[in-house]
Amino acid sequence: KFKQRDKIQTVAIVGIGGAGKTTLARYYASQQKANVVWEINAETQESLRESFEKLAEALVKTEVDKKVLRGIQAIAEPTSHSEYLVKFVRERLRGVSSWILIYDNVEAFIDIQTYFPVSSKSWGQGKIILTTRDGNIANNQHVQWTLVLKELTPPQKLDLFTKIREKGNIDSPPSASAVTVEKFLDKIPSFPLDVSVAASYLKATKLPS
């Protein structure tokens, strides 16, 4: 989906809790060669601001940058503080050739609007990944693509469960029959987080599966 150039591109990953949205976003970002890769906790306004504060600190390169940022951090009025903080981050990102921002756990787009890059002329060329449970975000004009993570199929559950149980296991406990494992997995929600927690617990406790 991220094939266009000279613009900001946004992909939203949609799914319920435990579907693997954050894991997928982090994995993709870790494989890229962008100059800046940053994850923003978008659950609350406070976490948004704190994430941007940390991003601003990471973008500081000179003594002048440090001085400017200290001045922004000293602003007590919340609206002005946010405006100057976003401006600081925007100007530094515009100065790098590529960046990736992950907005994790977005409830609604309006919640992140103040902190969201919309113009490549102002922010430079970058990629944005949103993770959200809100399928309506696909209708937002700033979201070019939406990927919906659905439930795992029974074969996918079994494959994930088996890989986690067997990875790095030298003294594996006796394995149950495939039918027993499948019956066990039928009782677990069909999402990666639930399957991986169950598999990891059995692996850690060395219980038969």
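Going by the structure above, here's the rest.
Just so you know, the residues in each chain are numbered from 1, in the order the chain's sequence is written. Only residues with pLDDT of 70 or above have their local features reported here, since the model is predicted, and side-chain atom pairs are shown and tallied only from 80 upward, although totals for entire chains, interfaces and linings are computed over all residues. Computation of side-chain values: all heavy atoms of the structure, hydrogens and water removed.

S.K.: Any chance you could explain the overall build of the protein here in plain terms?
M.R.: Secondary structure summary: the protein contains nine helices and five strands in total. The reference for a compact globule is 2.2 Å times residues^0.38; the radius of gyration itself is calculated from the C-alpha atoms. Relative to the globule expectation of 17 Å for 209 residues, the C-alpha radius of gyration of the protein, 21 Å, shows a markedly less compact shape. When its C-alpha atoms are laid out on the principal axes, the protein stretches across 65 × 35 × 30 Å. A buried classification covers 37% of the 209 residues belonging to the protein. Helix and strand assignments come from DSSP, with helices taken as H or I runs of at least 4 residues and strands as E runs of at least 2, each series counted from the N terminus. Each residue gets one of three labels from its accessible area relative to the maximum for its type: buried under 20%, exposed over 50%, partly exposed in between, using a 1.4 Å probe on protein chains only.

S.K.: Is there a simple way to explain helix H1 (residues 21-30) in this structure?
M.R.: Side chains that are three or four residues apart share a direction in an α-helix, a result of its 3.6 residues per turn. Restricting attention to buried positions, one finds in H1 the residues Lys21, Thr22, Ala25 and Ala29. On an axial view of H1, the arc spanned by its buried residues comes to 95 degrees, and they lie on one face. When the buried face of H1 is taken as reference, the exposed residues oriented beyond 90 degrees from it are Thr23, Tyr27 and Ser30. On its buried side, H1 packs onto strand E1 (9-14), strand E2 (36-41), strand E3 (99-106) and strand E4 (126-132). By definition, the arc is the one covered by directions from the helix axis to the C-beta atoms. The criterion used for residue contact is that any of the two residues' heavy atoms lie within 4.5 Å.

S.K.: Would you mind going over the packing of aromatic side chains with me for this structure?
M.R.: Think of a pair of aromatic rings as described by two things: how far the centres are apart, and how the planes are tilted against each other in angle. Only Phe, Tyr and Trp rings are paired, with Trp represented by its six-membered ring, and only when their centres lie within 6.5 Å; those with planes under 30 degrees apart are stacked, over 60 edge-to-face, the remainder tilted. Under the criterion given, the structure shown has five aromatic pairs. Here the aromatic residues Tyr103, Phe109 and Phe116 are joined through ring pairs into a cluster of three or more. Taking NZ or CZ as reference, Arg92 lies 3.9 Å from the ring centre of Phe88, over its face. Cation placement over rings: the criterion is NZ of Lys or CZ of Arg within 6 Å of the ring centroid and within 35° of the ring normal.

S.K.: Sorry if this is basic, but what is going on with unusual backbone geometry here?
M.R.: What is expected of a backbone is that most residues other than glycine have negative phi and most peptide bonds are trans. At Asn105, a position not held by glycine, the phi torsion is positive, near 60 degrees. Within the element layout of this structure, Asn105 appears in strand E3. The partly exposed category is assigned to Asn105, whose relative accessible area is 28%.

S.K.: Which parts of the structure should I look at to understand the pattern of salt bridges?
M.R.: Two side chains carrying opposite charge are able to pair once their charged atoms lie near each other. Salt-bridge detection follows one rule: a side-chain nitrogen of Lys or Arg within 4 Å of a carboxyl oxygen of Asp or Glu. Following the criterion strictly, the structure yields five salt bridges and no others. Two residues, Glu63 and Lys66, come together in a salt bridge whose shortest N-O distance is 3.4 Å. Within this pair, Glu63 and its partner Lys66 are both found in helix H3 (residues 63-73), separated by three residues, close to a single helical turn. The closest approach of N and O atoms between Glu91 and Arg92, which form a salt bridge, is 3.2 Å. Its relative accessible area of 18% is what places Arg92 among the buried residues. In this structure, a network of salt bridges that share partners links the residues Asp65, Glu91 and Arg92.

S.K.: Explain the environment of Arg26 here, please?
M.R.: With respect to the secondary-structure elements, Arg26 resides in helix H1. For Arg26 and Phe52, which are 26 residues apart along the polypeptide, the C-alpha to C-alpha distance reads 18 Å. For Arg26, the contacting residues outside a window of four places in its chain are Glu39 and Ile102.

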